[in-house]
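Architecture at a glance
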Amino acid sequence: WIAAGTSYTNHDLEMIPIYLFYSMFGFQRTGDFNWAAGDSQSRGFLIGATSGRTTLAGEGLQHQDGHSHLMASVIPNIKAYDPAFAYEIAVIVRDGIRRMFVDDEDMFIYMTVTNENYRHPPKPDHPDVDEGILRGMYRVIQSPIEQPRARVRLLGSGSILNEVIAAQNRLAEDYAIAADVWSVTSYTELRRDALDAERWNMLHPHEKPVVPYITKLLGPEPHPTIATSDYVKTLPDALSKWIPGSLVSLGTDGFGRSDSRDALRDFFEVDSRYVTLAALHALAREGEIDRELVSEAIEDLD
């Protein structure tokens, strides 16, 4: 892959290498090669297949990936994405080809894809969707509730986005809680943007401050935010200082397990029930709902 990814400069031959691997094995066991690819300015796509700690059922302790995005985040010229839907993948690949092979940017893309069959919806008809996918986040569903008991924000990525959408329905139907759902395609890109904004503001004290992309998207209201992924909690935690209001991170810290998807998501506490519970707990902590409702939900959700 490195040979093909550097052929544009070594052999004056443009190639678009695409390397597919188990995301756990690829990024962990070829870690030095990934740094070598960065150092040599390789271009192309690394596809971490069967990604996440719960989509590849029954593979046990070492085969399930909950941290490759954390490892990818420290290589400066990697753009790392965790898409949930086919149209997100299409936007990322199209833009990556343009940037690397038309605009000659020295970068390469790591993208995780899952091992789970589910319905892929059409791309939302909104002009900012493509930009959001590429910059790391966009709103995929807006709550239809006009007069809710309270409001939260739900962030999801990869196949866990489906659990987050299911939690939105639970919160609306069972608890009259409004929740907008955001697809986070890249925690790494969101953090880099926020760090760039902070650096610019520090070096330009007399200029109008730049607002990080994620802060601008979420708006000034301090509603609680619940961020859930198939990866370790460190990923969303790294954005907490730029998120208005409180943040609760749900993730898959720990070893993998050999079991069904439902059992794995129950074990790691990232299924729709736990997203629902985390939202209610956050609202109770803010004093927006009674704590008794949280106790009732624990029983109702089993």
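Residues numbered from 1 in each chain as written. Predicted model: local features only at pLDDT ≥ 70, side-chain atom pairs only at ≥ 80, totals over all residues. Heavy atoms only, no water.

Summing up its helical and strand segments, the chain has 14 helices and nine strands in all. Radius of gyration (C-alpha) of the chain: 20 Å, near the 19 Å computed for a compact globule of 302 residues. Out of the 302 residues belonging to the chain, those deemed buried represent 52%. Contacts in the chain between residues at least 24 apart in sequence constitute 76% of all its contacts with a sequence separation of at least 6. Only carbon and sulfur atoms are counted for the fraction: they give 51% of the accessible area of the chain, which is about 14,100 Å². Separation between the mean location of the 28 positive side-chain charges and that of the 45 negative ones in the chain comes to 3 Å. (Helix = DSSP H or I, 4+ residues; strand = E, 2+ residues; numbered from the N terminus. Rg over C-alpha atoms; globule rule 2.2 N^0.38 Å. Buried < 20%, exposed > 50% of the residue type's maximum accessible area, 1.4 Å probe, protein only. Contact = heavy atoms within 4.5 Å. Areas by Shrake-Rupley, 256 points an atom, 1.4 Å probe, with all protein chains shown as cover. Lys, Arg positive; Asp, Glu negative; His and termini not counted. Charge placed at Lys NZ, Arg CZ, Asp CG, Glu CD.)

To continue, consider the packing of helix H8 (residues 160-175) against helix H13 (residues 272-285). Two quantities define a packed helix pair, namely the angle between the helix axes and the distance between the axes. Running from N to C, H8 and H13 cross one another at 55°; their axes reach a closest spacing of 8 Å. With respect to H13, the axis of H8 lies oblique. Along this stretch, H8 crosses H13, giving a crossing that reads as right-handed. Only Ser272, Arg273, Val275, Thr276, Ala279 and Leu280 of H13 make contact with H8, whose side of the interface consists of Glu163, Ala166, Ala167, Arg170, Leu171 and Tyr175. (Axes fitted to C-alpha atoms, helices over the stretch in contact; angles between N-to-C directions. Parallel < 35°, antiparallel > 145°, perpendicular 65-115°, else oblique. Left-handed = near helix turned anticlockwise from the far one by under 90°.)

Turning next to the environment of arginine 285. By the secondary structure assignment, arginine 285 is in helix H13. Given a relative accessible area of 41%, arginine 285 falls into the partly exposed group. Put simply, arginine 285 and serine 246 are 39 residues apart on the chain and 9.8 Å apart in space, counted from C-alpha to C-alpha. Apart from residues no more than four positions distant in its own chain, arginine 285 is found in contact with Ser246, Val248 and Arg291.

Moving on, we get to the sheet that holds strand E1 (residues 18-22). In space, the four strands of this open sheet follow the order E1-E2-E4-E3, with parallel pairing throughout. Only two strands of the sheet have a single partner each, and these edge strands are E1 and strand E3 (78-81). Strand after strand, the sheet turns through a mean of 20° between neighbouring axes, direction not considered. Where strand E2 (residues 45-49) meets strand E4 (residues 108-112), four bridges bridge the pair, whose relative direction is parallel. In the sheet register, glycine 48 faces E4, and the bridge partner there is threonine 112. Sheet contacts for helix H6 (residues 86-101): E2, E3 and E4; angle to E4, the most-contacted strand, approximately 170°. (Pairing = 2+ DSSP bridges.)

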